[in-house]
Amino acid sequence: MKLKLIIICAFLSFSSILAQKAKIESADKKYNDLAYINAIEIYQKVAEKGYKSVDLFQKLGNANYFNANLSEAAKWYGQLFNLGEEVDKEYYYRYSLCLKSIGDYKKAEDYLYQFSQKSGADVRASIYKANQNYISEIKANSGRFKIEDAGINTVYSDYGAALNKDKFVYTSARDTSGASSRKHTWTGQSFSNLFTSQINGDGVLLAPERMASKVNSKFNESTAVFTKDGNTMYFTRNNFNDGKRKTDAEGTTKLKLYKATLENYEWKNIVELPFNSDLYSVAHPALSPDEKTLYFASNMPGTVGLSDIFKVTINDDDTYSTPVNLGNPVNTEGRETFPFVSDNNELYFASDGQLGLGGLDVFVTKMAPDGTMSKVFNLGTPINGPQDDFAFLIESKSKLGFFTSNRDGGKGNDDIYKLFEQIPLQYDCKQNLSGVVTDKETTEIIPNAKVTLYDDKMVELKSIFATEKGEYSFADLECEKQYFVRSENKDFDTVENSVVTGKVAGGDTFNDLIAEKRIKTVKVGSDLAKTFNIKIIYFDLDKSNIRQDAALELEKILAVMQQNPRMKVDVRSHTDSRQTASYNEKLSDRRAKSTIAWLVKNGINISRLSGKGYGESQLVNKCADGIECSEEEHQANRRSEFVIISM
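Residues numbered from 1 in each chain as written. Predicted model: local features only at pLDDT ≥ 70, side-chain atom pairs only at ≥ 80, totals over all residues. Heavy atoms only, no water.

Draft legend 1. The pairing of strand β30 (residues 507-510), seen in detail. Burial of β30 is one-sided: the residues G507 and T509 facing one way are buried, the residues D508 and F510 facing the other way are not. Pairing geometry for strand β24 (residues 430-439) and β30, over four bridges, is parallel. Within β30, the position partnered with N432 by the bridge is D508. (Buried < 20%, exposed > 50% of the residue type's maximum accessible area, 1.4 Å probe, protein only. Helix = DSSP H or I, 4+ residues; strand = E, 2+ residues; numbered from the N terminus. Pairing = 2+ DSSP bridges.)

See the structure below:
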């Protein structure tokens, strides 16, 4: 019978950040016949006239946020949220930081909470969200082991694994005591005992022998671990002492850990460990490489779920410290059990709470000298499968080991399999992050931009300058971790991207940084609509009166012409091919004239403006009469142009 325990634990940390100042310098070069338009100044003038939009307030907030003017950024982000429209979650985070800068901590905490809600604050949701491609990761970890039947299995339950010098020690429910042997009422099998099998030079297990009766009682014994000198053993047994079985208030016999010492080739001095209890189970011991720490599975108080993996320090005077729950990242809301620690300080354990293939899977984490643990890795196939896989053990030098499974094709309820590790697991998964800094409008490279790397808490890690080809690169970043990359250039808006590195060790994550010119360059022939990304001046259906959202866009054109009193602009209005050509030409012409009239009303001399409607005569794609097109394709033809004809 399997002695499996159940475990639960979760942990989530979230901390606030401070943005670094990113100084944006004004351009001081002059070019003949060119004008320089400070886009942010234009946006601010438009906003000050009472015009509102998500894009407008995001740009104004970002401009101040990246320049460390957090109080001003708070003003514009506040107006952004006052619109009541859908906003990307990142702005909740930035706004919370800006609110803290002006002392509004209560409101800052509210927006930080909303950010966490939108980002999956629930621990289980966060774990899944961060590992939605976990099957791909398990696949990447698979195929590293060769496995085969251990050669000692029976039709009964055979499980567990321990090494005692040249002997293999395991648990079996095989009946070795004849017709009078006692049966377990739950399984119909004999109570489990500990057995040993000699390991020959080829790793073959020879005929097993049942351990002495002083170790094996008339109830269950299982899962042992031995000190390297072979003189001390810790093992699991039912709550049975001095020939008496003890139960809890509900009549259940719990599991306990016992210690025995070898004297004159016999196991003696069998005592239970002091942190056992009649009220909870303690089982499946494992020793650290220096034999100063004992690991085990238990559902003792302090367990988050049904059972966790704990550890105690073994003191020099043969006493033990208070048990410590290993916590995150090992213990989860499922079962964690059967710990094993290799000579390389790798903690292997079985779990159905970690993301796996079904039932119990075997996982591993690397433990640092200070006790901290790396990410938990699923060992993948063929170790893990859809059934229960557990009780993993490996000898670090030979790479020979064993594990237990109740998978199909075995001889009994549980069977022991021999394994050989052919490819080691890469714990320190590192990725390279690289990209190119380019101009959004022209797609040309931006050379020598300052590129700064931040961790997920916005702590600056490294700052470099892109090459003459606009290329940047950061090496040796952690796999599957969020970073922020920011580019700065005096002629361009600061741009910042959130990047999550890939999962494959030695792989590359690519992230291009696309920046908009802060100082817009225009000349005769330039279309101001393209300069400000104005795709269309919107009118109500079949009408030509200026709407509020259209006026917002026209304010940008107005501000440019006011800054450049010699500039003359030709206003051109276009439609798609739907409706008749005559109708479209007349409608677009009315709209062009309405646009001109609005600019004149707001102070632009009529002598500086010209324009007309072109209807469907200048389509930018195939969508002529009789050709089926998508709404997006038709939208491309419905455009407004503001072409500079003289300066």
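Draft legend 2. Representation of the pattern of salt bridges. Scanning the entire structure with this criterion turns up 30 salt bridges. Put simply, K167 and D166 hold a salt bridge, and the shortest N to O gap is 4.0 Å. Between D589 and K593 there is a salt bridge; the shortest N-O distance is 2.6 Å. Of this pair, D589 and K593 both sit in helix α10 (residues 581-601), separated by four residues, roughly a single helical turn. Through salt bridges with shared partners, one network takes in D576, R578, E631 and R638. (Salt bridge = Lys/Arg side-chain N within 4 Å of Asp/Glu carboxyl O.)

Draft legend 3. Structural view of helix α5 (residues 105-118). Between the first and last C-alpha of α5 there are 20 Å, a value that for 14 residues agrees with the 20 Å anticipated at 1.5 Å per step. Residues A108, Y111, L112, F115 and S116 constitute the buried set of α5. End-on, the buried residues of α5 take up no more than an arc of 145°, which puts them together on one face. (Expected span 1.5 Å × (residues − 1). Arc of directions from axis to C-beta.)

Draft legend 4. Spatial organisation of the packing of aromatic side chains. For the coordinates displayed, the defined rule picks out 24 aromatic pairs. Ring centres 5.0 Å apart and planes at 15° place the aromatic pair F275 and F296 in the stacked group. Placement of the pair is F275 in the loop between β12 (266-272) and β13 (282-287) and F296 in strand β14 (residues 293-298), with a sequence separation of 21 residues. In this pair, the class of F275 matches that of F296, namely buried. Ring centres of F275 and Y320 lie 5.8 Å apart, and the angle between their planes is 80°; on these two criteria the pair is classed as edge-to-face. Note that F275 is positioned in the loop between β12 and β13 and Y320 in the loop between β15 (308-313) and β16 (324-325), a separation of 45 residues in sequence. Here a set of aromatic residues connected by ring pairs shows up, and it is made of F81, Y92, Y95 and Y111. The ring of Y258 has R237 sitting right over it, with the charged end atom 5.1 Å from the ring centre. Lying across the ring of Y417, R407 places its NZ or CZ 5.5 Å from the centre. (Phe/Tyr/Trp six-rings, centres within 6.5 Å; stacked < 30°, edge-to-face > 60°. Lys NZ or Arg CZ within 6 Å of the ring centre and 35° of its normal.)

Draft legend 5. Summary view of the confidence of the model for the protein chain. Chain-level statistics for the protein chain give a pLDDT mean of 83 and a share of 85% at 70 or above. Element-level pLDDT for the protein chain is lowest in helix α6 (residues 123-130), with a mean of 41, against a maximum mean of 97 in β14. Across residues 177-188 the pLDDT falls below 50, and counting only partners more than four positions away or on other chains, this stretch makes 17 contacts in the model. (pLDDT = per-residue confidence, 0-100. Contact = heavy atoms within 4.5 Å.)

Draft legend 6. Structural context of the nonpolar core. Grouped together as the largest cluster of nonpolar side chains are 56 residues, with contacts concentrated most on L56, Y77, L528 and F642. Per-element accounting of this core gives the leading share, nine residues, to helix α9 (residues 548-563). Excluding residues that lie within four positions of it along the chain, F642 makes contacts with S526, D527, L528, A529, I537, L554, I557, V569, D570, V571 and T595. Counting residues in each nonpolar core, the second largest holds 26 residues, with F195, F377, L393 and F403 among its members. (Core = buried A, V, L, I, M, F, W, Y, C linked by side-chain atoms within 4.5 Å.)

Draft legend 7. Region of interest: the state of the cysteines. For the structure shown, the criterion picks out two disulfides. Residue pairing for C429: its cysteine sulfur links by disulfide to C479, the two sulfurs lying 1.8 Å apart. With the S-S bond torsion at -75°, the cross-link from C429 to C479 turns out left-handed. Of the two residues, C429 sits in the loop between β23 (415-421) and β24 while C479 sits in the loop between β27 (471-478) and β28 (482-489), which places them 50 residues apart along the sequence. A relative accessible area of 12% places C479 in the buried class. There is a disulfide in this structure between C623 and C629, and the S-S distance comes to 2.1 Å. The S-S bond linking C623 to C629 shows a torsion near -110°; that makes this disulfide left-handed. Here C623 matches C629 in class, with each residue buried. (Disulfide = S-S within 2.5 Å.)

Draft legend 8. Geometry of the environment of E41. Inspection of the secondary structure puts E41 in helix α1 (residues 39-48). Of the residues examined, E41 reaches a relative accessible area of 43% and is grouped as partly exposed. As for E41 and L60, which are separated by 19 residues in sequence, their C-alpha atoms are 9.2 Å apart.

Draft legend 9. Just the environment of D512, in detail. Within the fold, D512 resides in the loop between β30 and β31 (513-515). A C-alpha to C-alpha distance of 6.0 Å links D512 and V437, two positions 75 residues apart in sequence. For D512, the side chain forms a polar contact with the main-chain nitrogen of V436, separated by 2.9 Å. (Polar contact = N/O pair within 3.5 Å; in protein donor to acceptor, adjacent residues only side chain to side chain.)

Draft legend 10. Highlighting unusual backbone geometry. Omega for the bond connecting N328 with P329 falls within 30 degrees of zero, at 10°, which places this linkage in the cis form. Here P329 is to be found in the loop between β16 and β17 (336-341). With an omega of 5°, the peptide bond between T381 and P382 qualifies as cis. Tracing the backbone shows P382 in the loop between β20 (377-378) and β21 (389-394). The backbone of F338 shows a phi angle near 50°, a positive value even though the residue is not glycine. Note that F338 resides in strand β17. Phi is positive for N448, close to 60°, though the residue is something other than glycine. Within the element layout of this structure, N448 appears in the loop between β24 and β25 (450-454). Classification of N448 as partly exposed rests on a relative accessible area of 37%.

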